[in-house]
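Inside the fold
Given next are the chains, with one letter for each unit.
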Amino acid sequence: MSERVLTTEAGAPVADNQNSAQAGVGGPLLIQDQYLLEKLARFNRERIPERVVHARGSGAYGFFEVTDDVSAFTRAHFLGGLGRRTEVFLRFSTVAGNLGASDAVRDPRGFALKFYTEEGNYDLVGNNTPVFFIKDPLKFPDFIHSQKRDPFTGITEAENVWDFWSHSPEATHPVTWLFGDRGIPASYRHMNGYGSHTYQWVNTAGEAFWVKYHFKTNQGVRSLTNDQAAEIAGGDADSHQRDLHQAIERGVFPSWTLHVQVMPAADAARYRFNPFDLTKVWPHADYPLIKVGRLVLDRNPENVFAEVEQAAFSPNNFVPGIGPSPDKMLQGRLFAYADAHRYRLGVNHTQLAVNAPHAATARNHGRDGAMAANAGGRAKNYEPNSFGGPYETGQALGAPLAVTGFTGTHETPAHVKDDDFVQAGELYRLMSDEEKARLIANLAGSLGQVTRDDIVDRVLPHFHAADPDYGRRLAEAVREIRESDG
Ligand code: HEM
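Residues numbered from 1 in each chain as written. Predicted model: local features only at pLDDT ≥ 70, side-chain atom pairs only at ≥ 80, totals over all residues. Heavy atoms only, no water.

This part covers the overall build of the chain. Looking only at helices and strands, the chain features 12 helices and 10 strands. Over its C-alpha trace the chain gives a radius of gyration of 25 Å, about what one expects of a compact globule, namely 23 Å for 486 residues. Considering only C-alpha atoms, the chain reaches an extent of 80 × 65 × 50 Å along its principal axes. For the chain, with 486 residues in total, the buried portion stands at 47%. If you take every contact in the chain between residues at least 6 apart in sequence, the share linking residues at least 24 apart comes to 74%. (Helix = DSSP H or I, 4+ residues; strand = E, 2+ residues; numbered from the N terminus. Rg over C-alpha atoms; globule rule 2.2 N^0.38 Å. Buried < 20%, exposed > 50% of the residue type's maximum accessible area, 1.4 Å probe, protein only. Contact = heavy atoms within 4.5 Å.)

Dropping the structure here:
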């Protein structure tokens, strides 16, 4: 049979792809038309659940190349050796919108990286924002519910968005970031990526460091104003996807330079900010950027569904020399992602080409389940075994953490300079007059839609606490909008 012949899924040739089989000319259709039944049934099953957050995204392959020596801080093999290259897959995303939403919106952008290292896949699942809106994973479902559609109106409600933030003073810094100039990137190529959390690096001597990742775009940061974004989003929902895909097809490969901030483990307890508080940054004056390497995206996926929609990243995929920090948010995420993948993609999602290790081999005794592609073959499925099965190394990936105290629910410990407003004020004061004016207008445009006085009255003092000028100007702008709306 010619390779061009259309076939059923079982490989049998299809005679007619234009007309269904009927009981006579003009008669009803036949249940024996296996091809029609198979085609309609498969079509019904084309969709899988979209991601509960970050549903809309774009992905590309490329490589990471080490340009600077950081072996003093980590024994991760892929970060050792100048010039060493590791294949990567990066999925960018927006957060709140559904799969078909527009790209050009004010929303954080996901920056999820999978390094296919020789020691297994390392996933760094970050954002384009260095900070996040909450400090405890228990609040995440509530936060996201408040930002997505209301269960009764089916509409994204400014009331819900701001009600949540008014009860979450820790969001003042990330909210200032989001409504500032960088809140709507012009494209995925024109924004930075951050690991956001603090992570642990461990060197060959077993010394531990706390690390923050910064991927600086080499295309330059470019952003959109509200008006520019509204025009683009209205005309082209796929503006980010189009930009990324077409740039790579043209051979204009986007790249980022990776820097890290490194804190010796012993500094953490006495640092003036809690270094594991995701609503805070570490000022560069305290911990300067150290260059590590460059990230280049040079290959589009062949099939968006197979490789982007089915891509599965999990912050708990570490490699030797890298581990988690006690940041409560990160700890919650160590559970949430792999659980989401088991629900959305199934237990064998790790066998899909985009998710499987590329430079290492997965060898363990996890077996079977839906869609198992014979992983493990004829090898014994228990350990220890006497048939040459894989064995443990006895060496943890990261370094142990000393803990003390009582079990129970605890607030994030505050260090001397920790309050929820100090860094929001510092960010505000760093802005030029024009940036401040745009920030106030953007915030007021959103907060001004809230009809309930108590919500507005509860949230405005947060901005005042960050900086009195910030609070005063925002209150004034919000008052004007609410009065003019009657
Ligand atoms: C406790 C807080 C958080 C929880 C429980 C959480 C949970 C989730 C879940 C369930 C998904 C969907 C996964 C999937 O179906 O594939 C997701 C996606 C994502 N999250 Fe989070 N998240 C949290 C905080 C964060 C933070 C702080 C960041 C960034 C620093 C982040 C970045 C991302 C990214 C980039 C994706 C998309 C990954 C992809 O491209 O497939 N999340 N999150």
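Read on, since the account is not over.
This brings us to the coordination of the iron atom of the ligand. Within the protein, just one atom coordinates the iron atom of the ligand: Tyr337 (OH), at a distance of 1.8 Å. Turning to its location among the elements, tyrosine 337 is positioned in helix α8 (residues 328-344). (Donors = N, O, S within 2.8 Å, 3.2 Å for Na, K, Ca; no water.)

Near the ligand you find 25 residues, and of these Arg51, His54, Arg91, Arg333 and Tyr337 are the closest. Taking arginine 51, its side chain carries an N or O atom lying 2.8 Å from an oxygen atom of the ligand. When residues of the shell around the ligand are traced back to their parent elements, those giving at least two are β3 (109-117), β4 (120-127) and α8. Here the shell around the ligand takes 7 residues from α8, the largest share from any one element. (Near = heavy atom within 4 Å. Polar contact = N/O pair within 3.5 Å; in protein donor to acceptor, adjacent residues only side chain to side chain.)

All right, on to the side chain of threonine 94 then. Considering the arrangement of structural elements, one finds threonine 94 in strand β2 (residues 85-94). Owing to a relative accessible area of 1%, threonine 94 belongs among the buried residues under this scheme. Ignoring any residue separated from it by four or fewer positions in sequence, one finds threonine 94 in contact with His54, Ala55, Arg56, Asp103, Val105, Asp107, Pro108, Arg109 and Tyr188.

By the criterion of burial, strand β8 (residues 255-264) is predominantly enclosed, with 9 of the 10 residues buried. Summarising the sheet, strand β7 (residues 208-217) and β8 pair through 9 bridges and their orientation is antiparallel. In the strand pairing of β8, phenylalanine 215 is matched with leucine 258. (Pairing = 2+ DSSP bridges.)

Moving on, we get to the packing of aromatic side chains. One pass over the structure, following the stated rule, counts 33 aromatic pairs. On the numbers, 5.8 Å between centres and 40° between planes, the contact of phenylalanine 92 with tryptophan 256 is tilted. Here the residue phenylalanine 92 occupies a position in strand β2, and tryptophan 256 occupies one in strand β8, the gap between them amounting to 164 residues. For phenylalanine 92, a relative accessible area of 0% corresponds to the buried category. Residues phenylalanine 143 and phenylalanine 164 carry aromatic rings whose centres are separated by 5.5 Å and whose planes lie at 45° to one another, so their mutual orientation is tilted. You can see phenylalanine 143 sitting in helix α2 (residues 140-147) and its partner phenylalanine 164 sitting in helix α3 (residues 158-166), a full 21 residues away along the chain. You'll find phenylalanine 143 and phenylalanine 164 in the same group, each marked buried. (Phe/Tyr/Trp six-rings, centres within 6.5 Å; stacked < 30°, edge-to-face > 60°.)

Attention now goes to the nonpolar core. Trp162, Trp165, Val175, Leu443, Leu447 and Leu474 are the most contacted members of the largest nonpolar core, which has 40 residues in total. At the level of secondary structure, the elements contributing two or more residues to this core comprise α2, α3, α4 (172-178), α9 (422-430), α10 (433-447), α11 (453-466) and α12 (468-484). No other element matches α11, which puts 6 residues into this core. Those residues in contact with valine 175 that sit more than four places away from it in its chain are Phe133, Trp162, Trp165, Leu443 and Phe463. (Core = buried A, V, L, I, M, F, W, Y, C linked by side-chain atoms within 4.5 Å.)

A two-sided burial pattern is seen for strand β6 (residues 199-202), the buried positions comprising Tyr199 and Trp201 on one face and Gln200 and Val202 on the other. One ladder, built from 4 bridges, connects β6 with β7; its direction is antiparallel. Along β7, the bridge assignment pairs tryptophan 201 with phenylalanine 209. Between β6 and β7, which pair antiparallel in sequence order, lie 5 residues; one of them, glycine 206, sits at a positive phi of approximately 90°.

Closest axis-to-axis distance for the α10/α12 pair is 9 Å, and the angle between their directions is 45°. Our classification of the angle between α10 and α12 gives oblique. The two elements α10 and α12 meet at a crossing, and its hand is right-handed. Across the interface between the two elements, Lys436, Ala437, Leu439, Ile440, Leu443, Ala444, Gly445 and Leu447 from α10 touch Tyr470, Arg473, Leu474, Ala477, Val478 and Ile481 from α12. Classifying every residue of the contact of α10 with α12 gives 11 nonpolar, 1 polar and 2 charged. (Axes fitted to C-alpha atoms, helices over the stretch in contact; angles between N-to-C directions. Parallel < 35°, antiparallel > 145°, perpendicular 65-115°, else oblique. Left-handed = near helix turned anticlockwise from the far one by under 90°. Nonpolar A, V, L, I, M, F, W, Y, C, P; charged D, E, K, R; others polar.)

Let us now look at the environment of glutamate 249. Looking at the element boundaries, glutamate 249 is found in helix α6 (residues 239-249). On the basis of relative accessibility, which here comes to 56%, the residue glutamate 249 falls in the exposed class. Along the sequence, glutamate 249 and asparagine 300 sit 51 residues apart, while their C-alpha atoms lie 7.3 Å from each other.

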